[in-house]
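Structural features, examined
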Amino acid sequence: MAEVSVGTHIGRKNLSSYRRIQQDGVELLVAQNLAEHLKTIHLDLKRFLFLRSLKAEVEFADELVLA
């Protein structure tokens, strides 16, 4: 099982253990120990009225894909 955590306010949090990735005007913070094993990250954001749906697909260097 994969878990994704979304936060829109980082305030004064220590982000030194995260790698910053830019995609389509969005900045992603990925845990450093996870980022070093990633091959690709694909995000799909859908909007309908006031609802938003975020889907992430991650491919690791060993070809494992989590969606």
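This part is about the overall build of the chain. Check the secondary structure of the chain and you find 1 helix and 5 strands. Put simply, the chain has 67 residues, and 13% of those count as buried. Contacts spanning at least 24 positions in sequence make up 7% of the contacts within the chain whose residues lie at least 6 apart. Entry remark: accessible area of the chain is about 6200 Å², with carbon and sulfur atoms responsible for 52%.

This part is about the pairing of strand E1 (residues 18–23). Strand direction decides the pairing type here: E1 and strand E2 (residues 26–31), joined by 6 bridges, are antiparallel. Paired with Gln23 across the two strands is Val26, which belongs to E2. With antiparallel pairing between neighbouring strands as the criterion, E1 and E2 make up a hairpin whose turn holds 2 residues, including Asp24 at a positive phi of roughly 50°.

We now examine the pairing of strand E4 (residues 51–60). Pairing of strand E3 (residues 38–48) with E4, which is carried by 10 bridges, proceeds in the antiparallel orientation. Looking at the pairing, His42 lines up with Glu57 of E4. The hairpin turn running from E3 into E4, its antiparallel successor, is 2 residues long, and Leu49 in that turn takes a positive phi close to 55°.

This brings us to the nonpolar core. Grouped together as the largest cluster of nonpolar side chains are 6 residues: Leu28, Val30, Ala35, Leu38, Val58 and Phe60. Within the residue set of this core, elements represented by two or more residues are E2 and E4. Setting aside residues no more than four positions away along its own chain, Leu38 makes contact with Val30, Val58, Glu59, Phe60 and Ala61.

A word on the pattern of salt bridges. Side-chain pairing between opposite charges can occur once the charged atoms of the two side chains come close. Tallied over the entire structure, the rule returns 3 salt bridges. Between Lys46 and Asp44 there is a salt bridge, with the nearest N and O atoms lying 3.9 Å from each other.

Along the chain, the position of Asn14 falls in the segment before E1. Taking the relative accessible area as the measure of exposure, Asn14 reaches 60% and is therefore exposed. At 2.9 Å, the side chain of Asn14 forms a polar contact with the side chain of Ser16.

Attention shifts here to the confidence of the model for the chain. On average, the chain scores 78 in pLDDT, and the residues at 70 or more come to 85%. Within the chain, the element-level pLDDT minimum falls on strand E5 (residues 65–66), averaging 72, and the maximum on E3, averaging 82.

What counts, and at which threshold
Numbers given to residues run from 1 along each chain, matching the order in which its sequence is written. Thresholds applied to this predicted model are a pLDDT of at least 70 for local features of residues and 80 or more for the giving and counting of side-chain atom pairs; totals over whole chains, interfaces and linings are not thresholded and use all residues. With hydrogens and water set aside, each side-chain value is computed from the structure's full complement of heavy atoms. Each helix is a run of H or I in the DSSP string that is no shorter than four residues. Each strand is a run of E no shorter than two, and both are numbered from the N terminus. The rule is simple: take the accessible area with a 1.4 Å probe, protein chains only, and divide by the maximum for that residue type; under 20% is buried, over 50% is exposed, in between is partly exposed. Two residues qualify as a contact provided that any one of their heavy atoms is within 4.5 Å of a heavy atom in the partner residue. To measure how exposed things are, a 1.4 Å probe is used in the Shrake-Rupley method; for residues, cover is taken only from the protein chains shown. In this description, strands pair whenever DSSP reports at least two bridges between them. The nonpolar core is taken to be a set of buried Ala, Val, Leu, Ile, Met, Phe, Trp, Tyr and Cys residues, with the residues joined through side-chain atoms within 4.5 Å. Counted as salt bridges are all cases of a side-chain nitrogen of Lys or Arg within 4 Å of a carboxyl oxygen of Asp or Glu. Think of a polar contact as two N or O atoms within 3.5 Å of one another; within protein, one of them needs to be a possible hydrogen donor and the other a possible acceptor, and neighboring residues in sequence only count if both atoms come from side chains. The predictor rates its confidence in each residue with pLDDT, a number between 0 and 100.

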